[in-house]
Amino acid sequence: MMEKKVALVTGASRGIGKAIAIALAQRGIDIAINYRSNEKEAREVMKLVKKEGQAAMLAPADVADFQHCREMVKQVVDYFGRVDILVNNAGIRADNLLARMKEEDWEKVLHTNLNGVYNCTRSVMRSLLKQKNGGRIINIASISGIYGNAGQANYAAAKAGVIGFTKSVAKEVGARGITVNAVAPGFIQTEMTEDLSENLKQEAVRAIPLGRFGKVEEVAEVVVFLATKGSYITGQVISVDGGLVI
Ligand code: NDP
């Protein structure tokens, strides 16, 4: 019998990560739900995964902290006996024009959005290589990392870094059957975009050929494809942005 696959999804308590966790569970995959502080919502996600008939565990850790990530991955592997898929989704933003950007806002965005991807991928890689059964890594980048965005120098730098990381690691581990891809969402309806000004939202919608913000499920379905199909796709960046960047 084929062993059940296990996915670790970072930042799975809310937004896009939550939708990814549920969509993977709907494909028969067991889920480790990472979050930083929102245990209540993470427990809700655990219930939803179990409702789909899959096993789930909570995996709290600050992805910006390498030691936390090491310990988290160890707990996941101890619990499930394996890990096959890593979705690096946890992310924050702290927007400001560069002239006003505090060093602290630069650092926290880089630490979470870029170092976090290194910390989790590095921690999972050992298990993937040891299992000798391939593996899938999917990094949630952003169109800001492709075309830049005024007011997001920190965020765009981190996401561009994630794209460079994705391409490099794809070249390193391809021979082991491990694929590494990035998904670059545009404007998606989550708490992260809720507090954008009405003006900015309207301006964005006018620039999007599909004429609306995306839904979390529309990002999740691309992640599911890369995690369960897409066996000959690696090192790619797939935009899910309603055509904003064409
Ligand atoms: P949300 O703000 O809705 O959710 C963020 C999630 O990340 C939460 O689960 C949060 O956990 C977790 N998180 C934040 N910091 C850490 C940390 N240091 N360690 C562990 N978990 C952490 O974000 P979205 O769902 O909107 O965004 C998800 C990803 O998609 C991010 O990488 C973001 O940059 C990217 N993205 C989003 C876009 C959008 O329009 N929404 C557009 C382009 C990219 P907790 O609940 O515990 O705080």
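Relevant structure appears above.
The shown structure was predicted, so the numbers you read here are calculated from the model rather than taken from an experiment.

Attention now goes to a positive patch on the surface. A cluster of basic residues, Arg-70, Arg-122, Arg-126 and Lys-130, forms a positive patch at the surface. Mapped onto the elements of the fold, Arg-70 is located in helix 3 (residues 66–80). Arg-70 gets classed as partly exposed once you look at its relative accessible area, which sits at 32%.

With that settled, the discussion passes to the site of the ligand. In the vicinity of the ligand there are 32 residues, among which Ser-13, Ser-37, Asn-89, Tyr-155 and Thr-190 approach most closely. Here Val-63 contributes a backbone N or O atom positioned 3.0 Å from a nitrogen atom of the ligand. Within the backbone of Asn-89, one N or O atom sits 2.7 Å away from an oxygen atom of the ligand. Burial of the ligand by the surrounding chains reaches 96%, relative to a free accessible area of 910 Å². Among the elements of the structure, helix 1 (15–26), strand 2 (30–35), helix 6 (153–173) and helix 7 (191–194) are those that each provide at least two residues to the shell around the ligand. The dominant element in the shell around the ligand, judged by the number of residues it contributes, is helix 7, at three residues.

Let us look at the packing of aromatic side chains. Overall, the coordinates contain three aromatic pairs when judged by the stated rule. Ring centres 5.8 Å apart and planes at 20° place the aromatic pair Phe-66 and Tyr-118 in the stacked group. One end of the pair, Phe-66, is in helix 3; the other, Tyr-118, is in helix 4 (residues 103–131), and 52 residues separate them in sequence. Judged by its relative accessible area of 38%, Tyr-118 is partly exposed. With a centroid separation of 5.2 Å and an interplanar angle of 35°, the aromatic rings of Phe-187 and Phe-213 are classed as tilted.

Before going further, it helps to spend a moment on the pairing of strand 6 (residues 178–185). Most of strand 6 sits inside the fold, with eight of its eight residues counted as buried. Because side chains alternate across strand 6, one face comprises the buried residues Ile-178, Val-180, Ala-182 and Ala-184, and the other comprises Thr-179, Asn-181, Val-183 and Pro-185, equally buried. Where strand 6 and strand 7 (residues 237–240) come together, four bridges link them in parallel fashion. Among the inter-strand pairings, Ala-184 is bridged to a residue of strand 7, identified as Ser-239.

Counting 35 residues, the largest nonpolar core has Ile-20, Leu-24, Ile-31, Ile-33, Val-87, Ile-138 and Val-183 as the members making the most contacts within it. Sorting the residues of this core by element identifies strand 1 (6–9), helix 1, strand 2, helix 2 (39–51), strand 3 (56–60), strand 4 (85–88), strand 5 (135–140) and helix 9 (216–228) as the ones contributing at least two each. Per-element tally for this core: the top contributor is helix 9, with eight residues. In this structure, Leu-24 is in contact with Ala-7, Val-9, Ile-29, Ile-31, Val-87, Val-224 and Ala-227, ignoring residues within four places of it in sequence. Counting 31 residues, the second largest nonpolar core, distinct from the first, contains Phe-80, Val-124, Met-125 and Ile-178.

Rules behind the numbers
Residues numbered from 1 in each chain as written. Predicted model: local features only at pLDDT ≥ 70, side-chain atom pairs only at ≥ 80, totals over all residues. Heavy atoms only, no water. Patch = residues over 30% accessible without salt bridge, like charges linked within 9 Å, V, L, I, M, F, W, Y side chains within 5 Å. Areas by Shrake-Rupley, 256 points an atom, 1.4 Å probe, with all protein chains shown as cover. Salt bridge = Lys/Arg side-chain N within 4 Å of Asp/Glu carboxyl O. Lys, Arg positive; Asp, Glu negative; His and termini not counted. Charge placed at Lys NZ, Arg CZ, Asp CG, Glu CD. Helix = DSSP H or I, 4+ residues; strand = E, 2+ residues; numbered from the N terminus. Buried < 20%, exposed > 50% of the residue type's maximum accessible area, 1.4 Å probe, protein only. Near = heavy atom within 4 Å. Polar contact = N/O pair within 3.5 Å; in protein donor to acceptor, adjacent residues only side chain to side chain. Phe/Tyr/Trp six-rings, centres within 6.5 Å; stacked < 30°, edge-to-face > 60°. Pairing = 2+ DSSP bridges. Core = buried A, V, L, I, M, F, W, Y, C linked by side-chain atoms within 4.5 Å. Contact = heavy atoms within 4.5 Å.

Shape descriptors only; they carry no functional weight alone.
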